[in-house]
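# Structural description and commentary
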Amino acid sequence: QEQMQESGPGLVKPSQTLSLTCTVAGGSITTNNYYWCWIRQTPGAGLEYIGYIGYSGNTHYSPSLKARTSISRDTSKNQFFLQLTSVTPEDTAVYYCARGDPDALGMDYWGKGTQVTVSS
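Model, not experiment: these values are computed from the prediction. (Residues numbered from 1 in each chain as written. Predicted model: local features only at pLDDT ≥ 70, side-chain atom pairs only at ≥ 80, totals over all residues. Heavy atoms only, no water.)

Applying the stated criterion across every chain, the model contains five salt bridges. When the shortest N-O distance is used, the salt bridge between E48 and R40 registers 2.8 Å. Ionic contacts of the salt-bridge type, sharing partners, join the residues R40, E48, R68 and D91 into one network. (Salt bridge = Lys/Arg side-chain N within 4 Å of Asp/Glu carboxyl O.)

Enumeration over the complete set of coordinates arrives at five aromatic pairs. Considering the side-chain rings of Y34 and W36, the 6.5 Å spacing of their centres and the 75° angle between planes classify their relative orientation as edge-to-face. Exposure remark for W36: the relative accessible area of 1% places this residue in the buried category. On the basis of an interplanar angle of 50° and a centroid distance of 5.0 Å, the ring pair of Y35 and Y52 is categorised as tilted. A residue pair is termed long-range when its members are at least 10 positions apart, and Y35 in strand β4 (residues 35-42) and Y52 in strand β5 (residues 46-54) qualify at 17 residues. A relative accessible area of 22% means that Y35 is categorised as partly exposed. What links up through ring pairs into an aromatic cluster is the set Y34, W36, W38 and F80. (Phe/Tyr/Trp six-rings, centres within 6.5 Å; stacked < 30°, edge-to-face > 60°. Buried < 20%, exposed > 50% of the residue type's maximum accessible area, 1.4 Å probe, protein only. Helix = DSSP H or I, 4+ residues; strand = E, 2+ residues; numbered from the N terminus.)

Moving on: the state of the cysteines. Scanning the entire structure with this criterion turns up one disulfide. The partner cysteine of C22 in its disulfide is C97, sulfur to sulfur 2.1 Å. Across the S-S bond of C22 and C97 the torsion is about 65°, and the bridge reads as right-handed. Of this pair, C22 sits in strand β3 (residues 18-25) while C97 sits in strand β9 (residues 93-101), and the two are 75 residues apart along the sequence. What makes C22 buried here is its relative accessible area of 0%. No disulfide involves C37; its sulfur sits 9.5 Å from the nearest other cysteine sulfur, which is in C97. Here C37 falls in the buried class, since its relative accessible area comes to 0%. (Disulfide = S-S within 2.5 Å.)

Written as structure tokens, this is what we have:
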């Protein structure tokens, strides 16, 4: 049973970098097969996949965001991170972290989400 919690600044200025942390409790982010995802939700675009870091450290990013996205991790703290550079107001959203499970055909554990607003 995974417990996941997003944290980070709720306000970011345009052109700066959005940085978030997902803290995972209840299981290791290095456990075989699982992958660790970032997703965001906006009123206009709905739910949007950002990317993931796999249990071995491999990464994958949405093509539309790849140029601006970096996902990394600290296995000693059981945390993984999101950095989204050069943000604009269009990046304003609720950001979620989640566990992906291929055997469950999707993401079975989610954090509650954190609101990030891009504004000067």
